[in-house]
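Results of the structural survey
One-letter residues, chain by chain:
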Amino acid sequence: MTKRKTLYLANPYGFSVQQREGPLVALVGVLESMGAEVWEPFSRNNQVDKAVAGWAYRVGQSDLSDVRAADGLFAVVNGCPPDEGVMVELGMAIAWGKPVFLFRDDFRRCTDSEVYPLSLMLFAGMPEKGWEAYLYGSVEEITDPDKALARWLRDAD
């Protein structure tokens, strides 16, 4: 039996009750249904007493540690620009050579590029040809067996 791959879910949804109870639940559910062990930072690292000094530093360090330890990163990149915390986590994952997958169901374009819908740097950890397989535009598309996440989760370590 192979070990389940861990997938850090970089997202801004935990800041809002409605998003935490709606889109976040849906994303975690579909990723887990595909066999990933999902590391969602708001549920893992944000049970802190904000009245205690240094809480923010500890949360940041915990998130950094989880990004480093995870096998891959799935990032919600909605917004123009996307959430700055998600962008930092994505940058760390790219720098550490981890597989990265992007989720964007926001139709706005945030780039000067004719090719990429977002800053080209968000795609730096993906192949030049076939990068589209790493970008997801709906929750339903995440389970597509021909796209990069499904292939990565199927591959043995």
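A brief report on the enclosed structure follows.

The rules behind these values
Residues numbered from 1 in each chain as written. Predicted model: local features only at pLDDT ≥ 70, side-chain atom pairs only at ≥ 80, totals over all residues. Heavy atoms only, no water. Helix = DSSP H or I, 4+ residues; strand = E, 2+ residues; numbered from the N terminus. Rg over C-alpha atoms; globule rule 2.2 N^0.38 Å. Buried < 20%, exposed > 50% of the residue type's maximum accessible area, 1.4 Å probe, protein only. Contact = heavy atoms within 4.5 Å. Areas by Shrake-Rupley, 256 points an atom, 1.4 Å probe, with all protein chains shown as cover. Lys, Arg positive; Asp, Glu negative; His and termini not counted. Charge placed at Lys NZ, Arg CZ, Asp CG, Glu CD. Disulfide = S-S within 2.5 Å. Salt bridge = Lys/Arg side-chain N within 4 Å of Asp/Glu carboxyl O.

What follows concerns the overall build of the protein chain. A count of helices and strands for the protein chain gives six helices and five strands. Start at the N end of the protein chain and walk to the C end: the helices and strands fall as β-α-α-β-α-α-β-α-β-β-α. Taken over the C-alpha trace, the protein chain has a radius of gyration of 15 Å; the compact-globule value for 157 residues is 15 Å, and the two agree within 12%. Seen through its C-alpha atoms, the protein chain measures out along the principal axes to roughly 50 × 45 × 30 Å. Within the protein chain, the proportion of its 157 residues that are buried is 43%. Pairs at least 24 residues apart make up 66% of the contacts formed inside the protein chain by residues separated by at least 6 positions. Total accessible area computed for the protein chain in this model is approximately 8600 Å², and 55% of it derives from carbon and sulfur atoms. Side-chain charges of the protein chain comprise 16 positive and 23 negative groups, with the mean position of each set lying 3 Å from the other.

With that settled, the discussion passes to the state of the cysteines. In total, this model carries one disulfide according to the counting rule given. Between C80 and C110 runs a disulfide, and the two sulfur atoms are separated by 1.8 Å. Torsion about the S-S bond of the C80 and C110 cystine: about -55°, corresponding to left-handed handedness. In this pair, C80 sits in the loop between β3 (72-76) and α5 (84-95) while C110 sits in the loop between β4 (100-103) and β5 (135-136), placing the two residues 30 residues apart along the sequence.

Next up on the list: the pattern of salt bridges. In total, this model carries five salt bridges according to the counting rule given. In this structure, the salt-bridge partner of D71 is K3, at a minimum N-O distance of 3.6 Å. Taken as a pair, D71 in the loop between α4 (55-69) and β3 and K3 in the segment before β1 (6-10) lie far apart in primary sequence, 68 residues in all. According to the relative accessible area criterion, D71 is partly exposed, its value standing at 26%. K3 gets classed as exposed once you look at its relative accessible area, which sits at 55%. Between R44 and D66 there is a salt bridge whose closest N-O contact spans 2.7 Å. Taken together, the positions of R44 in helix α3 (residues 41-45) and D66 in helix α4 put the pair 22 residues apart, joining distant regions of the chain. Salt bridges linked by common partners bring R104, D106 and R108 together as one network.

What follows concerns the environment of F74. Take F74: it is sitting in strand β3. Along the backbone, F74 and L122 are 48 residues apart, and their C-alpha atoms lie at a distance of 12 Å. Setting aside its immediate chain neighbours within four residues, F74 contacts L7, Y8, L9, A10, L27, L31, F101, F103, Y136, I142 and L149.

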